[in-house]
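Structure at a glance
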Amino acid sequence: MAFPEDGFAGPLDARTSAGITWPAVNVPASRLDTLGMDAINVGTNGSVPAVEQARTVLESTPAYSAAGPPSTIGDLIRRDNSGNNAYQQLSNVVILVSLPIAGCTLAAAIAAGLADRKRPFSLLRLTGARLATLRRVVALESAVPLLAVAAVAIGTGFAAAAEYASVAQHYRMVAPGAAYYLITAGGILVSLGIIAATFPLLKRITGPEVARNE
């Protein structure tokens with residue numbers, strides 16, 4: 001028999017070997033002793049006694065030299081899923097930690113920008129510019145770059161995830177679940193809320209007293 005071309009390193013989408021075609025190999029029996037052992041594959045009926053009996057036989061066989069104990073396809077699937085779940089949890093932690101840091105950075109940048117331009121803004125108010133107009137200026141110059149960077153980041157994330165899933169994991173790329181969209185939308189809304197939270201500061205630091213000559 002010949003092992004499938006990608007072996008069990010490829011996608012594991014079944015818990016039994018039923019449906020796997022094992023093609024014959026054109027190797028004379030006289031050459032078998034010269035070939036190295038890659039794996040020993042045992043077909044069972046899937047029952048627990050049969051699987052455990054196969055494990056016991058393999059572990060006591062001198063030819064079995066694998067580093068770990070014998071594993072079923074189900075064992076390999078569970079290990080593969082466990083690794084994927086760990087990566088998913090790590091991604092969630094990174095997202096949840098990054099959002100507060102990004103929010104604080106955004107708030108500090110907006111506040112610093114307002115402090116640097118408090119005198120020009122005060123002069124604009126004295127010349128008749130409405131406070132609502134200045135708020136729109138701050139909102140546009142903060143929100144537009146924010147949304148542009150968010151769009152680029154989302155696209156880059158999808159591209160990286162698609163490449164990792166198809167090349168490294170041999171999985172077909174699928175759309176993320178509702179949690180992804182909720183976290184992303186929530187992060188953008190929180191960022192816009194931080195921008196809006198600076199509007200009272202704009203009113204306080206752009207009064208007539210700031211525009212007077214010193």
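The preceding data block contains the structure.
A short tour of the structure in this document, coming up.

Each value, and the rule that gives it
Residues numbered from 1 in each chain as written. Predicted model: local features only at pLDDT ≥ 70, side-chain atom pairs only at ≥ 80, totals over all residues. Heavy atoms only, no water. Phe/Tyr/Trp six-rings, centres within 6.5 Å; stacked < 30°, edge-to-face > 60°. Helix = DSSP H or I, 4+ residues; strand = E, 2+ residues; numbered from the N terminus. Buried < 20%, exposed > 50% of the residue type's maximum accessible area, 1.4 Å probe, protein only.

1. Points about the packing of aromatic side chains
What the rule picks out here adds up to 2 aromatic pairs. Their ring planes at 75° and their centres at 5.6 Å tell us that Phe 158 and Tyr 180 sit as a pair that is edge-to-face. Linking Phe 158 in helix 4 (residues 131–168) with Tyr 180 in helix 5 (residues 178–197), this pair joins segments that are 22 residues apart in sequence. With relative accessibility at 30%, the residue Phe 158 sits in the partly exposed group. Residue classification places Tyr 180 among the partly exposed positions, given a relative accessible area of 27%. Geometrically, the ring pair formed by Tyr 180 and Tyr 181 is edge-to-face, given 5.5 Å between the ring centres and 80° between the ring planes. Through pairs of rings, three or more aromatic residues link up here, namely Phe 158, Tyr 180 and Tyr 181.

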